[in-house]
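Here are the chains, one letter per residue:
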Amino acid sequence: MVSEIESQCDIGAMLYNISTITLTIAQKRWRRAYFSIYFSNTMLSIAKLSRYPISNIVSPPSYTSLKIIPKSTNSDEFPTVDQTDLTDLVKTKDLKILHTLQGVTGLAKSLRTDLEHGINDSEIESRKTAFGSNTYKKPPPKGFVYFVVEAFKDTTILILLACAALSLGFGIKEEGAKEGWYEGGSIFVAVILVIAVSAVSNFRQERQFDKLSKISNNIKIDVVRNGRRQKISIFDVVVGDVVILNIGDQIPADGVFVDGYSLLVDESSMTGESDHIDIDGTRNPFLFSGSKVADGHGRMLVVSVGMNTAWGEMMSSVTGDSDEQTPLQSRLNKLTSSIGKVGLAVAFFVLVVMLIRYFTGNTEDEDGNREYNGKRTSTNDILNSVTRIFAAAVTIVVVAIPEGLPLAVTLTLAYSMKRMMADQAMVRKLSACETMGSATVICTDKTGTLTLNQMKVTQFWLGLDLIEDDRGSDINTETLELYHQGVGLNTTGTVYGSGSGTEYSGSPTEKAILSWAVTNLGMDMEKLKQDCNVLHVATFNSEKKRSGVSVMKKEDDSNSTNVHWKGAAEIILSMCSNYYQKTGVLKSINHEEKTRLENIIQGMAASSLRCIAFAHKQIPNGTNNKTLTEKELTLLGIVGIKDPCRPGAKEAIDACRSAGVEIKMITGDNVFTAKAIATECGILKVNQGQTINKNEVIEGEEFRNYTDEERMEIVDNIKVMARSSPFDKLLMVQCLKKKGHVVAVTGDGTNDAPALKEADIGLSMGIQGTEVAKESSDIVILDDDFASVAVVLRWGRCVYNNIQKFIQFQLTVNVAALVINFVAAVSAGALALATERPTNELMHNLPVGRVAPLITNVMWRNLLAQAMYQITVLLTFQFKGKEIFDVDERVKNTIIFNTFVFCQVFNEFNSRKLEKRNVFEGLHKNRLFIGIIVVTVVLQIVMVEFLKNFADTEKLNWGQWGICVGIAALSWPIGWFVKLIPVPDRPVFSYIRGGI
């Protein structure tokens, strides 16, 4: 402090600065004015300080240090505030600077903020101009050229390019530039086409991810503006805003603590430290943007936004990774690799055989002459022949590798993500699309997911008396006053206005209770706050399932404090030893009356009501208010809150069940409420005269206390877990995964984050979900409706099934092409290949699960049957085609090529249904499929009839066209009859090595 005083008295330095620094006349005038004010304040401070010993100085100086900003900056509206100082204030957590500014109150005054009523809407633009907006600068998105370059890095593409270059070079050398470029040029065209499709797909996917990230980052937060609490976008927060923070909220900007209770913050995203940080007004009032509220409640004053925050600087260097590889993509790459290895082995074998045949003189040219004649054969001819042989071997590798599979998966997933947005599901992780299709169990919340989350108090018991809606006046005045305190002060909700214009904010439960208390009990929130001081708050905790508050009246001669508790009815009842009657008479709770009260709670719960109880205790002043007493309480009353089931929830649960997916409800409500809702939604099937099976309904504590072996034994039977904590939910997910289930979990609270992360698919709620829950999830259900969860399941099934259809179709082509090329390698050239995949939905199969093979027995049956038919027909044409059709070699090869392509066209129809024989069902609805077929047929006609030189084909007559199409059309009846052949359930490859 002494050095601080000395620095304040260094007038010579200030005079020197004024005289030596080059300043404008206006700036000099400002400096002189500032010097005068500074000098006067300093002299006054010294005068005051001279009365006291230096060691007793504990308060900051009586003035506020202001940094004068040159007029060229954007701070004309706030001349006493420098953004740099505000930024450093929080970054450095400098309490000394905050004290110099006269604390939060002085800082708010400098920012022209009313801490009670917030800022006005009319000031928003000027604050954005002065301090910036709450947005981050991001690196420019990856352009189209980036994805083109990435596509060129693919190994298959590089091999094809090398083959194209060799083919182009030797072709021009042998046949001249006019015709020699056809084969090599066609490969180049194919490569360019693949690169273009891949680059366009990835580029569009990158843009889609950017759009999705903008939606997912657009968080709604609570602020006080114009004297009212309201929700705004996080991007609309400005410096000077008063933000309300609750458990699970993301802190939207850098700021300082205004007031609140038990505020704990998770700063791990900023500091990496997992320990929660205590926030208060004296020791640590600083709040970092990007941190999460782990516990408690509070208000903060925003001092820095956007790029001026530490979080903003960090986010500016972070880009979203849209190259995430999904589990299915990994399995497809493994499949592609396996097929590639087979192709390489076959190609090597063909290369060896053809080289041996060539050098032993067993090959002939087009004129029937022996190709290799020892020393008489020129080096140039040998080199050309070896190159041709090598090209044939490479062709086999190219034909064998279904390089389109990963691209097909990416396109399917990206398309599904876009469509799922319209169905109220925002996919945050690409893998979730397909993984959801494999789900075997869904663990769901009750409130807001299975129910509407539209709470309304429908019953009120004061002791053993049921109070009707319009009979609040019958309650004793003192008891009613205690009730007003317990409801109005032990809450995170707020009440604005009065009469018909009253508005309520907070959670649905809080709003329901506040609305009921104002309407039925005549509670006046403003008067209540004026008459009482809140001394300490114990915020609601999902483990304890209650919240508490200590309250003292401002004008009270009783010299006492009231402690109020609110929470789950049976838990609050267990803390009570007395209860009030409506007449105000205090009665002790004996065994008989406790039983009656428990029966009241059970009766309300059996009617699907959520039961909330209120209790209080009067304690003498001077007692430690920071530890609220929890014993010997007096029960004030019990309210029953109705939350009706969502329309369509029962149907959605039935749909999941019919798909082989088990539904488990995990809720914090008591067992009776949980049973009632589960029965209403169809999770529990209770027929008349029957009781619920053992272990179908269980409480969290009971499940928690089982041994690992006991939990594993009963976990499949559990349908409802009541009075559960987030740890119980996590424990259940872990048990289910150990048993081999693919688990999807819904959650909305901060404490649900571990279970959401542990699950195979985490589903957070878009409306009620906290930001911590959303960030821990894979998919956000935008409308909080379980019906949307069922839609996500359908989409997941659709994605997986469509990929299987594509694999069956693609492998049929590849197997047929590989065998034909292998057998005919001695005499024939390469065959063309063109494929596409259809899309369709299936929701009546059992879930795939975690270990089911990608290629099922049904798929093997279908693809091998079609491949064998194509191989038989085309090899027959290869060796006997000239005699059968009485044509030359060039026409024969054209017939083979044409028949092969049309076999694939007809087989595309077969691939629409893996098991159903009617492959035309719903065909008229799939315009994309029809379009692809039409385009494929038109291109084939053009290639055969008009591009004879380029495609090395010959025109066919009507009879030859009829033969090609007729033989290919036999794929339909073959596919129909093959599907009559039963297949075993056990995967065929499991007998060898566990399946592909």
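Residues numbered from 1 in each chain as written. Predicted model: local features only at pLDDT ≥ 70, side-chain atom pairs only at ≥ 80, totals over all residues. Heavy atoms only, no water.

Brief notes about unusual backbone geometry
For Arg112, which is not glycine, the phi dihedral falls at a positive 55°. Within the fold, Arg112 resides in the loop between α6 (103-110) and α7 (124-131). With phi around 55°, Asn226 is a residue other than glycine that occupies positive phi space. Topologically, Asn226 is positioned in the loop between β1 (220-225) and β2 (228-233). By relative accessible area, Asn226 is classed as partly exposed at 35%. (Helix = DSSP H or I, 4+ residues; strand = E, 2+ residues; numbered from the N terminus. Buried < 20%, exposed > 50% of the residue type's maximum accessible area, 1.4 Å probe, protein only.)

Focus: the pattern of salt bridges
Per the stated rule, a full pass over the model turns up 28 salt bridges. Among the ionic pairs, Arg283 bridges to Asp280, the shortest N-O distance being 2.9 Å. Judged by its relative accessible area of 65%, Arg283 is exposed. You can call Asp280 buried: its relative accessible area is 15%. Residue Lys650 pairs with Asp654 through a salt bridge whose shortest N-O separation is 3.7 Å. With Lys650 and Asp654 both in helix α22 (residues 649-658) and four residues apart, this pair spans about one turn of that helix. The exposure class assigned to Lys650 is partly exposed, which follows from its relative accessible area of 35%. Residue class for Asp654 comes out partly exposed when judged on its relative accessible area of 30%. (Salt bridge = Lys/Arg side-chain N within 4 Å of Asp/Glu carboxyl O.)

Thoughts on the packing of helix α30 (residues 857-885) against helix α31 (residues 889-910)
Close contact between α30 and α31 brings their axes to 9 Å; oriented N to C, the two are set at 160°. In terms of their interaxial angle, α30 and α31 are classed as roughly antiparallel. Between α30 and α31 the crossing geometry is right-handed. Within the contact between the two elements, α30 uses Gln866, Gln870, Leu874, Phe877, Gln878, Gly881, Lys882 and Phe885 and α31 uses Glu889, Lys892, Asn893, Ile895, Ile896, Thr899, Phe900, Cys903, Gln904, Asn907 and Asn910. A breakdown of the residues in the contact of α30 with α31 according to their chemical character gives seven nonpolar, nine polar and three charged. (Axes fitted to C-alpha atoms, helices over the stretch in contact; angles between N-to-C directions. Parallel < 35°, antiparallel > 145°, perpendicular 65-115°, else oblique. Left-handed = near helix turned anticlockwise from the far one by under 90°. Contact = heavy atoms within 4.5 Å. Nonpolar A, V, L, I, M, F, W, Y, C, P; charged D, E, K, R; others polar.)

Digging into the environment of Gly486
Mapped onto the secondary structure, Gly486 falls in helix α17 (residues 477-488). Among the residues examined, Gly486 registers a relative accessible area of 3% and is labelled buried. A C-alpha to C-alpha distance of 9.2 Å links Gly486 and Val551, two positions 65 residues apart in sequence. Once residues lying within four places of it in the same chain are set aside, the contact partners of Gly486 are His564 and Phe614.

Some details on the environment of His276
Mapped onto the elements of the fold, His276 is located in the loop between α11 (268-271) and β5 (277-279). Classification of His276 by relative accessible area gives partly exposed; the value is 44%. The sequence separation of His276 and Leu264 amounts to 12 residues, and the corresponding C-alpha distance is 5.9 Å. Ignoring sequence-local partners within four residues, the contact set of His276 consists of Leu264, Val265, Asp266 and Ala294.

Examining the pairing of strand β24 (residues 743-747)
With respect to burial, β24 is a largely interior element, five of its five residues being buried. Of the two faces of β24, the one carrying Val743, Val745 and Gly747 and the one carrying Ala744 and Thr746 are both buried. By the bridge criterion, three bridges tie strand β9 (residues 441-444) to β24 in an arrangement that is parallel. Residue pairing across strands places Val441 opposite Val743, the latter belonging to β24. Bridge analysis of β24 against strand β25 (residues 761-765) gives four bridges, and the strand direction is parallel. When the sheet's bridge partners are listed, Thr746 is paired in β25 with Leu763. (Pairing = 2+ DSSP bridges.)

Focus on the environment of Arg225
Within the element layout of this structure, Arg225 appears in strand β1. The class for Arg225 is buried, based on a relative accessible area of 5%. Sequence-wise, Arg225 and Thr113 are 112 residues apart; in three dimensions their C-alpha atoms are separated by 9.9 Å. Beyond its immediate sequence surroundings of up to four residues, Arg225 is in contact with His117, Ile119, Asp121, Ile124, Gln230, Ile232, Asp236, Val237, Val238 and Asp241. Only 3.0 Å separates the side chain of Arg225 from the backbone oxygen of Asp236, close enough to count as a polar contact. (Polar contact = N/O pair within 3.5 Å; in protein donor to acceptor, adjacent residues only side chain to side chain.)

Brief notes about helix α18 (residues 508-520)
For α18, which comprises 13 residues, the first-to-last C-alpha distance of 18 Å matches the rise-based estimate of 18 Å (1.5 Å per residue) to within 8%. Taken residue by residue, α18 has Pro508, Thr509, Glu510, Ala512, Ile513, Leu514, Trp516 and Ala517 as its buried positions. Once α18 ends, the next one or two residues include Gly522, with phi positive near 65°. (Expected span 1.5 Å × (residues − 1).)

A word on the sheet that holds strand β26 (residues 779-781)
Sheet architecture is open: eight strands sit in the order β8-β26-β25-β24-β9-β21-β23-β22, paired in mixed fashion. Strands at the two margins of the open sheet, each flanked by one partner only, are β8 (425-427) and β22 (697-699). Strand after strand, the sheet turns through a mean of 20° between neighbouring axes, direction not considered. With three bridges connecting them, β25 and β26 associate as parallel partners. Looking across to β26, one finds that Met765 is bridged to Ile781. Most of the contacts of helix α26 (residues 726-738) go to β24, to which it runs at about 170°, and overall it touches β9, β21 (662-666), β23 (720-722) and β24.

What about a nonpolar patch on the surface?
A surface patch of nonpolar side chains, amounting to about 290 Å² of accessible area, comprises Phe348, Val352 and Ile356. The topology assignment puts Val352 in helix α13 (residues 327-359). (Patch = residues over 30% accessible without salt bridge, like charges linked within 9 Å, V, L, I, M, F, W, Y side chains within 5 Å. Areas by Shrake-Rupley, 256 points an atom, 1.4 Å probe, with all protein chains shown as cover.)

What about the packing of aromatic side chains?
Throughout the structure, instances matching the rule amount to 13 aromatic pairs. Ring geometry for Phe460 versus Tyr483: centroids 5.1 Å apart, planes at 85°, classification edge-to-face. Remark: Tyr483 occurs in helix α17 and Phe460 occurs in strand β10 (residues 456-462); sequence separation between them is 23 residues. Each of the two residues, Phe460 as well as Tyr483, counts as buried. Ring plane angle 80° and centroid distance 5.0 Å describe the contact between Phe877 and Phe885, whose orientation is recorded as edge-to-face. Accessibility expressed as a relative area gives 16% for Phe885, which makes it buried. Aromatic rings pair up to connect Phe144, Tyr146, Phe147 and Phe203 into one cluster. (Phe/Tyr/Trp six-rings, centres within 6.5 Å; stacked < 30°, edge-to-face > 60°.)

Overview of the pairing of β25
Judged by how many residues are buried, β25 sits mostly within the fold: five of five residues are covered. Remark: the β25/helix α28 (residues 771-776)/β26 crossover connection has right-handed handedness. (Right-handed = clockwise from strand over helix to strand, strands pointing away.)

Observations concerning the packing of helix α21 (residues 591-606) against helix α23 (residues 671-681)
Where α21 contacts α23, the axes come no closer than 7 Å and their chain directions differ by 20°. What the angle tells us is that α21 and α23 run roughly parallel. Handedness of the crossing formed by α21 with α23: right-handed. Facing Gln602, Ala605 and Ala606 of α21, the residues of α23 in contact are Phe672, Thr673 and Ala676. Residues of the contact of α21 with α23, tallied by class, amount to four nonpolar, two polar and no charged.

Section: the nonpolar core
Of all hydrophobic cores here, the largest spans 43 residues; its most connected members are Leu86, Leu107, Leu111, Phe131, Val256, Leu287 and Leu301. Of all the secondary structure elements, the ones that give two or more residues to this core are α4 (83-91), α6, α7, β1, β3 (242-245), β4 (254-266), β6 (286-287) and β7 (292-304). With 41 residues, the next largest nonpolar core counts Met420, Ile781, Val789 and Val792 among its residues. (Core = buried A, V, L, I, M, F, W, Y, C linked by side-chain atoms within 4.5 Å.)

What about α22?
Those residues of α22 lying buried are Ala649, Ala652, Ile653 and Cys656. Relative to the axis of α22, the buried residues are bounded by an arc of 100° and lie together on one face. Looking one or two residues past α22, Gly660 carries a phi angle of roughly 85°, positive in sign. (Arc of directions from axis to C-beta.)

What about the confidence of the model for the chain?
Of the residues in the chain, 77% reach a pLDDT of 70 or more, and the chain-wide mean stands at 77. Put simply, helix α1 (residues 2-8) is where the chain has its lowest mean pLDDT, 37, and strand β17 (residues 576-580) is where it has its highest, 93. Below pLDDT 50 for its whole length, residues 1-75 participates in 54 contacts with residues either more than four positions away or in separate chains. The low-confidence segment residues 318-322, where pLDDT is below 50, has five contacts with residues more than four positions distant or belonging to other chains. (pLDDT = per-residue confidence, 0-100.)

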